[in-house]
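A closer look at the structure
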There are 2 protein chains.
Amino acid sequence: MKQVKIALLGLGNVGSGVWKILNFNKSEIFKHCGFEIEIKKILVNDINKKRYLDIPDGILTNNFCDILNDDSIEIVIEVMGGAYPALDYMIEAMKKKKHIVTANKLCIALHGDRLFETALKEKVFLYYEASVGGGIPIIKQINESLTANKIEKIVGIVNGTTNYILSNMTESNMSFDKALCLAKENGFAEFDPTDDIEGFDAAYKLSIMSSLSFEAPVHPNNILREGISNIRIKDINYAKKFGYVIKLLAIGTLKNNSIEVRVHPAFVPKNHPFASVKDSFNAVYLKGNAVGDLTIYGKGAGDLPTGSAIVSDLLSILRNNLNYCGINQARNLNNKYDILPSDEIESEYYIRLNVKDKPGIIGDIGTLLGENNISISLVTQDIQTKHQVDLIFLTQKCKEKSIKNFKEKINNYKNLNKLENIIRIENLNN
Amino acid sequence: MKQVKIALLGLGNVGSGVWKILNFNKSEIFKHCGFEIEIKKILVNDINKKRYLDIPDGILTNNFCDILNDDSIEIVIEVMGGAYPALDYMIEAMKKKKHIVTANKLCIALHGDRLFETALKEKVFLYYEASVGGGIPIIKQINESLTANKIEKIVGIVNGTTNYILSNMTESNMSFDKALCLAKENGFAEFDPTDDIEGFDAAYKLSIMSSLSFEAPVHPNNILREGISNIRIKDINYAKKFGYVIKLLAIGTLKNNSIEVRVHPAFVPKNHPFASVKDSFNAVYLKGNAVGDLTIYGKGAGDLPTGSAIVSDLLSILRNNLNYCGINQARNLNNKYDILPSDEIESEYYIRLNVKDKPGIIGDIGTLLGENNISISLVTQDIQTKHQVDLIFLTQKCKEKSIKNFKEKINNYKNLNKLENIIRIENLNN
Ligand SMILES: NC(=O)c1ccc[n+]([C@@H]2O[C@H](COP(=O)([O-])OP(=O)(O)OC[C@H]3O[C@@H](n4cnc5c(N)ncnc54)[C@H](OP(=O)(O)O)[C@@H]3O)[C@@H](O)[C@H]2O)c1
Ligand SMILES: NC(=O)c1ccc[n+]([C@@H]2O[C@H](COP(=O)([O-])OP(=O)(O)OC[C@H]3O[C@@H](n4cnc5c(N)ncnc54)[C@H](OP(=O)(O)O)[C@@H]3O)[C@@H](O)[C@H]2O)c1
């Protein structure tokens, strides 16, 4: 019987999931790879912390060298998160010829170059299915199942925290702040939720998916990024009124010789399948020039779904008998595409303004929109108090630059109380 | 530069798709596998047939030996369809150490044992992604992306012809016969559509998916199978009235130590994602004990989508440098499960009867249902003419056996004009 020794870096949410799966599904896993897997060491911060797992003595360590210098450990599963020291640990482990499986979107998105270079040089596997979409096998799909295609578009709902918050705001008419609190209480948001709420996490994931799909480098810094902290219950309700729900979308498009990449909240038609993606579920749509439209939908987070992706990656290594084979593996980012400047990105928009209750205001604002090349498809007003009116404009497609110009101008308009919100409308009809 | 010579068996729908993709996406494909691919020979019935492809002279042949005996051909793509001679051709080719990619669900479902045995013995690859779900990479998902899981359930809409017909009946209030004609006209149904309409095609696909998922042999003959030729526009409309649409479902469930497998039309809740799977789109839902719910949705037929699956399989072989590696490949059907006898399968049902217009009939039929252990959840009647009434019963869960007994009895009931239809209701809430 073949045996392999592995180590985990981290035993939090995902690490515990991996531990559970390797124990519960032992017999399935053995059948699927022909190896008996021993978790020899697990790196944690605090070896004395109470853990609700039955970990034998001598396995937990807080010293990475116990893993690095143990030549019997052939695979390292990195599920500690963060850029440092995780990045260094992975690189050092690869230099010792250990294969890596990681769930770390931040490291792959920001430091992928160094990681893949090291993997290539050291001839070790570096798998990262769990870094995007939790349990959804989107990386393997792009890398192995769609190799006959030129991929032209990706649209994803890839952040569970924001999706949970937006679902609650939509279904229970809850304020953003209350929905965020609930998300924290129920383990759907971190203590510091900035990364999720402001769209960084989704941008890392979009960076990983677009780089792979378009085979060109897409750095998170080049992604247009807006979070959801500005979404108010009023916006949710206006969206409903017009037949939409608000979702945080990650969109990558190959256009002629440039790539358009953006993460932002958007109005999505309420009868589109993406509108029904609830809570911590994720969905990713891909368009390939041969396969056409392909959508995958499943659990984007959680110990067992994420663990499923990690353990399946681990089995991919074992099924290759730990023998590195380059081409399945290496990221090829040789295409020369420009990243479309964010000013040039086109969308339809929803614009909500609070204005004085006077005649002629719709005309004034309509003129200002027109002067900035923005065509209106719908205007409606909603009297709030005796002296205030909500004005909603839905626009036709226009450039981000036009919206920026309009924003600057409107803020000087004497009858404006407040420019409340501007949100893109994505009809997702490809 | 590495080069490989391949042959196609068949240049119909799918074969043409493969040809087009290998030409249009040449540069992507080269990047993805490192091989230049030459299609050296293509087997067809009639080499003089007009084909709308630019095939150089000397490539078409109607003699399989031209391919079999050409040692320079290392991979054979079987897209001719049918059991014979396709099965023999594949086996002979494997004996000459040629790898196989096939789209032939019939051969895999009915003769998988012989095919996989030969592949194992000859140490050649045998890939068949295109045999289920056209462009949807469901085989790779089960075989490679969910290896950490014990798979517990599969539900699929996997037949484009029936889905196209049912979509048209539902949306355009079209009769079954008219929808079938339209399907033929638009290339969505064969001249003899029996295989699709009567659920054989879906049963082959379910057999392939369940064998793989549950790792036990599931022969198509052991699948409960009903087609859609009995569905009337009235049933479609009653379904609508109760909040459902009718779909042909393929369902495989692992229950304790037995497998339940069935293909039949069913009422599906109209707000369930499966209700929106239109025309030739396919969808497959899987439940794994680690990953949870996972759904994949895309084009289930057509030259390019199916070609996408075939060419991606071809690239899997090339990425392994044509070196056979057993474990990725072999089907493991060693689990010992019984197939649940169809009498024991439980469902909710919709029952439509045409009866005389007399008092007491609902009572009589209700009693008869009760005597057969069938509980009613709803009854409604609809007067058709002065003397005839449609009665609709929706039942709670009951066994197929109870329904069979009821059917026998009701046919002797004096006030029955006709037992019009019995259709299962699947709420798909896992
Ligand atoms: N949570 C999800 O659903 C999910 C989904 C997809 C991907 N991911 C990714 O998976 C990774 C892990 O996420 P998680 O939710 O499991 O995190 P977590 O619950 O915070 O767990 C982190 C683990 O790493 C250990 N650790 C952290 N820093 C360390 C250090 N410097 N030295 C030693 N040990 C250290 C911690 O030790 P202690 O236990 O002693 O504190 C803990 O066991 C992240 O990259 C995340 O982005 C998570
Ligand atoms: N169509 C789809 O969308 C789809 C999707 C998934 C899977 N599939 C599977 O793919 C396979 C092919 O389907 P298809 O729709 O492409 O079929 P098709 O259009 O009928 O094409 C069959 C091809 O095979 C050739 N052929 C058939 N029998 C032959 C024989 N005995 N000797 C030599 N050549 C022979 C025909 O030659 P001629 O051209 O000279 O007649 C034709 O080129 C089937 O197994 C099918 O189930 C199809």
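Up top is the structure.
Everything numeric here is computed off the predicted structure, so don't read it as measured data.

**Topic: the site of ligand 2**
Residues and elements named next belong to chain B. In the vicinity of ligand 2, 22 residues are found, and the nearest of them are Leu11, Val14, Lys49, Arg51 and Gly302. In the environment of ligand 2, an oxygen atom lies 3.1 Å from a nitrogen or oxygen atom belonging to the backbone of Gly12. The separation between an oxygen atom of ligand 2 and a polar side-chain atom of Lys49 is 2.8 Å. Relative to its free-state accessible area of 910 Å², ligand 2 is covered by the protein chains to the extent of 76%.

**Structural notes on the side chain of Arg424 of chain A**
All names here are of chain A. Residue position: Arg424 is located in strand 18 (residues 416-425). For Arg424, a relative accessible area of 2% puts it in the buried group. Setting aside its immediate chain neighbours within four residues, Arg424 contacts Leu224, Glu226, Arg262, His264, Pro265, Ala266, Phe267, Ser347, Glu348, Tyr349 and Glu400.

**A word on the sheet that holds strand 2 (residues 35-43) of chain B**
Residues and elements named next belong to chain B. Pairing is parallel across the open sheet formed by 6 strands, whose spatial order is 3-2-1-4-5-6. Of all strands in the sheet, those with a lone pairing partner are strand 3 (60-61) and strand 6 (126-127), marking the two edges. Direction of pairing for strand 1 (residues 2-9) relative to strand 2: parallel, over a ladder of 8 bridges. Bridge pairing in strand 2 places Ile6 opposite Ile39. Contacts from helix 1 (residues 13-24) reach strand 1, strand 2 and strand 4 (73-78), with the element oriented near 150 degrees to strand 2.

**Quick look at the pairing of strand 18 of chain A**
Residues and elements named next belong to chain A. For strand 18, the tally of buried residues reaches 7 of 10 residues, placing the bulk of the element in the interior. As defined by bridge partners, strand 10 (residues 258-269) adjoins strand 18 across 2 bridges and the pair is classed as parallel. The residue of strand 18 that forms the bridge with Phe267 is Ile425. As paired strands, strand 14 (residues 346-356) and strand 18 are joined by 8 bridges and run antiparallel to one another. Along strand 18, the bridge assignment pairs Ile351 with Ile422.

Reading the values: rules and limits
- Residues numbered from 1 in each chain as written.
- Chains lettered and ligands numbered in written order.
- Predicted model: local features only at pLDDT ≥ 70, side-chain atom pairs only at ≥ 80, totals over all residues.
- Heavy atoms only, no water.
- Near = heavy atom within 4 Å.
- Polar contact = N/O pair within 3.5 Å; in protein donor to acceptor, adjacent residues only side chain to side chain.
- Areas by Shrake-Rupley, 256 points an atom, 1.4 Å probe, with all protein chains shown as cover.
- Helix = DSSP H or I, 4+ residues; strand = E, 2+ residues; numbered from the N terminus.
- Buried < 20%, exposed > 50% of the residue type's maximum accessible area, 1.4 Å probe, protein only.
- Contact = heavy atoms within 4.5 Å.
- Pairing = 2+ DSSP bridges.
- Axes fitted to C-alpha atoms, helices over the stretch in contact; angles between N-to-C directions.

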